[in-house]
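What the coordinates show
Each chain, written out:
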Amino acid sequence: MRKKHVIGNWKMNTTLPEGLKLVSGIIDLLANNAGVKKAAGETFIGIAPPFTSLSDVSALIKKTPGAPLHVGAQNVSSRDSGAYTGEISAAMLASLGVSFIIVGHSERRTLYHEQNDEINQKVLKTLGAGIIPVLCIGETLEERENGQLRSVIDAQLIGGLASVAPDAMKKLIIAYEPVWAIGTGKSASAAEANEVHAIIRARIKELYDEKIAEAAVILYGGSVKPDNAPALIAQKDIDGFLVGGACLAADSFCGIIGA
Ligand code: PGA
């Protein structure tokens, strides 16, 4: 039985005061809404605020004993240290107690031209620092319409996982995010998403083995909301969500956890 995961990617949203307010709202609902509280007991819940809020958000969570919230980062450098102005290393994030890092998000791939080999370096640096990588993969609408779904997923999976040892696969999380569903309000249907999740799981089995494939946590991302979450999570190969827009309000993020 794979654990359910709900991870919120705040992207470039929230100043520090706004971020602290959002976290307080989430902590409050996790403690006081019976349905959300019950679901939270069985779910890995993560939030990925901007780098500028990581310390203070972590401190606020620590001040609330029992708050079941993990803090993660949205990106990491592919280098260890040195003259890389503006970059943040995995060791720096580890020193803050960050528990996961989102790697290879489609916005990084598209807007910042990150390629599979750089993304692979980020995955390896993240694992090396003892942090869980959340490796994002997914096709554009054009690629899907051109019949390239499998080859794109394959290249992103094989490229992103190069040199990842079988043992490390037990920590790694995959997020399938069709690019055409991100921030568009147009989610993949539950069946459409599950079909790709099954392809990914089958590929992991080929690359590693059946046990690792069965244990692999594969999240869906792309316009997840409280109202479409139940149908998606009912699918056999969908283990949870990477949430963008809907994680910026405590009630909709917790609504997805409740679902
Ligand atoms: P969205 O974003 O939920 O706003 O579609 C998902 C993501 O980018 O992870």
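Residues numbered from 1 in each chain as written. Predicted model: local features only at pLDDT ≥ 70, side-chain atom pairs only at ≥ 80, totals over all residues. Heavy atoms only, no water.

In the vicinity of the ligand, the residues found are Lys11, His105, Glu177, Ala181, Ile182, Gly183, Gly222, Ser223, Leu242, Val243, Gly244 and Gly245. Between the ligand and histidine 105, the relevant distance is 2.7 Å, taken from an oxygen atom to a side-chain nitrogen or oxygen of the residue. Taking glutamate 177, its side chain carries an N or O atom lying 2.6 Å from an oxygen atom of the ligand. Protein coverage of the free-state accessible area of the ligand, which is 290 Å², stands at 96%. When grouped by side-chain class, the residues that make up the shell around the ligand number 4 nonpolar, 6 polar and 2 charged. (Near = heavy atom within 4 Å. Polar contact = N/O pair within 3.5 Å; in protein donor to acceptor, adjacent residues only side chain to side chain. Areas by Shrake-Rupley, 256 points an atom, 1.4 Å probe, with all protein chains shown as cover. Nonpolar A, V, L, I, M, F, W, Y, C, P; charged D, E, K, R; others polar.)

One non-glycine residue with positive phi stands out, namely serine 163, at about 65°. Relative to the helices and strands, serine 163 is located in the loop between α8 (149-160) and α9 (166-169). On the basis of relative accessible area, serine 163 is assigned to the exposed category, the value being 69%. Positive phi values are uncommon outside glycine, yet serine 223 reaches one of about 55°. Structurally, serine 223 can be placed in the loop between β7 (217-221) and α12 (229-233). (Helix = DSSP H or I, 4+ residues; strand = E, 2+ residues; numbered from the N terminus. Buried < 20%, exposed > 50% of the residue type's maximum accessible area, 1.4 Å probe, protein only.)

Turning next to the sheet that holds strand β6 (residues 173-176). Strands sit in the order β1-β2-β3-β4-β5-β6-β7-β8 around a closed barrel of 8 strands; the barrel is parallel. Across this sheet, the average inter-strand angle for adjacent strands is 25°, counted without regard to direction. Pairing of strand β1 (residues 4-9) with strand β2 (residues 43-48) involves 6 bridges; the strand directions are parallel. The residue bridging asparagine 9 from the neighbouring strand is alanine 48, located in β2. (Pairing = 2+ DSSP bridges. Axes fitted to C-alpha atoms, helices over the stretch in contact; angles between N-to-C directions.)

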